[in-house]
Amino acid sequence: MCVSAFPATRLRRLRRTDALRSLVRETRLDLDDFVMPYFAGPSTVLNEELPGMSRYSVEDLVAEAGELVEHGGKAVLLFGVPDEKDDDGSGAWIEDGIVQRALRALRAEHPELVLITDVCLCEYTSHGHCGVIRDGEVANDETLELLARTAVSHVDAGADAVAPSDMMDGRVGAIREVLPDTPIVAYSAKYASAFYGPFRDVAESAPSFGDRRGYQMDPANVREALREFELDLAEGADVLMVKPALPYLDVIRAVRERFDCPVAAYNVSGEYAMVKAAGAAGHLDERLAALESLTAIKRAGADLVFSYWTKDLATWL
């Protein structure tokens, strides 16, 4: 039977002031642990409601990234929206592709930035799926070669790390074979989530038919996620990612407890948009809600957090 130590023990004593609370705080937000996602496209399209969902021309992206650096931001994740799309997503790996041009410009102007690239075909295919289509389905093994080609083109253009997000079986191994020295941030547990909507609008990557449940993970599964993490590590992944973050805090905790490697979490567009909308409607304080959300992701066990609030966080902290 538990016997209370009250009144000798009073846990409120250490909550009395800001200074005391800060002194014993268990989880802290550090800008060094955050990555800002950016979208590069043929022209700049600003999003007033969701600033993190804006799309930038290469020139404007360099300027925007400069502001991030001035505020202390250290890393970015690049997505590309090409001028044209085709069935195979060839814009993903061509030398003068949108991400390749953005990488070269960012590397020249902001050499201190860590440049990570999303490696997937969905933004580049005319059908919006993450691989080539054969007989109405995504052809897993045929897609691997194209993903590896894309990753190599990114590194040749200046990427520090690549982040395959396609959820094809074997893609980490295929990339590791051609890039033995490049860090791989694997979207190991990318769930077939309802929280990707704003992203797909900006990236123009919604599937034109069907959905992605045949290759992205079932939201009900945790044990399967652990198998994905194990396989990606065996194939050569350096960082394991969970996406989305907030609905999958238990998955973040599970991978943190099982594996001794860096764990990342992606605080996705839908999570960002919900808090933004509630804040704009006056239902809650956006800053406080965002900080609480990001703290929860870190508390669950994430070492790195990809978040559209990263630039805001730089000023909040």
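Before any of the text, the structure's been laid out above.
Draft legend 1. Summary view of the pairing of strand 10 (residues 263-267). When you tally the buried positions in strand 10, you get five out of five residues, the bulk of the element. Of the two faces of strand 10, both are covered, the one formed by Val-263, Ala-265 and Asn-267 as well as the one formed by Ala-264 and Tyr-266. Direction of pairing for strand 9 (residues 239-243) relative to strand 10: parallel, over a ladder of three bridges. Across the sheet, the residue bridging to Val-242 is Ala-265, located in strand 10.

Draft legend 2. Structural detail: helix 3 (residues 98-109). In this model, helix 3 (12 residues) spans 17 Å end to end at C-alpha, consistent with the 16 Å of a helix rising 1.5 Å per residue. Residues of helix 3 that are buried include every one of Ile-98, Val-99, Gln-100, Ala-102, Leu-103, Ala-105 and Leu-106, and no others. Considering only its buried residues, helix 3 is in contact with strand 1 (34-40), helix 2 (58-70), strand 3 (75-80), strand 4 (114-119) and helix 4 (140-157).

Draft legend 3. Structural view of helix 8 (residues 249-258). Of all the positions in helix 8, only Val-251, Ile-252, Ala-254 and Val-255 are classed as buried. The buried side chains of helix 8 occupy one side of the element, clustering within an arc of 165 degrees when seen end-on. Close packing links the buried residues of helix 8 with helix 7 (223-235), strand 9, strand 10 and helix 10 (286-300).

Draft legend 4. Summary view of the pairing of strand 1. Counting buried residues along strand 1, seven of its seven residues qualify, which places the element largely inside the surrounding structure. Bridging between strand 1 and strand 11 (residues 304-307) involves two bridges; their strand directions are parallel. If you follow Phe-34 over to strand 11, its bridge partner there is Val-305. As paired elements, strand 1 and strand 3 share five bridges and run parallel to each other. In the sheet register, Phe-39 faces strand 3, and the bridge partner there is Phe-79.

Draft legend 5. Spotlight on the side chain of Thr-143. With respect to the helices, strands and loops of the structure, Thr-143 is situated in helix 4. Look past the residues within four positions of Thr-143 in its chain and what remains in contact with it is Leu-121, Cys-130, Gly-131, Val-132, Val-138 and Met-168.

Draft legend 6. Quick look at the packing of helix 2 against helix 3. Here helix 2 crosses helix 3 at 40 degrees, and the two axes come no closer than 9 Å. Classified by the angle between their axes, helix 2 and helix 3 sit oblique to one another. Judged by the twist between their axes, the crossing of helix 2 over helix 3 is right-handed. In contact with Val-58, Leu-61, Val-62 and Ala-65 of helix 2, helix 3 contributes Ile-98, Arg-101, Ala-102, Ala-105, Leu-106 and Glu-109. Considered class by class, the residues forming the contact of helix 2 with helix 3 number eight nonpolar, no polar and two charged.

Reading guide: rules and limits
Residues numbered from 1 in each chain as written. Predicted model: local features only at pLDDT ≥ 70, side-chain atom pairs only at ≥ 80, totals over all residues. Heavy atoms only, no water. Buried < 20%, exposed > 50% of the residue type's maximum accessible area, 1.4 Å probe, protein only. Helix = DSSP H or I, 4+ residues; strand = E, 2+ residues; numbered from the N terminus. Pairing = 2+ DSSP bridges. Expected span 1.5 Å × (residues − 1). Contact = heavy atoms within 4.5 Å. Arc of directions from axis to C-beta. Axes fitted to C-alpha atoms, helices over the stretch in contact; angles between N-to-C directions. Parallel < 35°, antiparallel > 145°, perpendicular 65-115°, else oblique. Left-handed = near helix turned anticlockwise from the far one by under 90°. Nonpolar A, V, L, I, M, F, W, Y, C, P; charged D, E, K, R; others polar.

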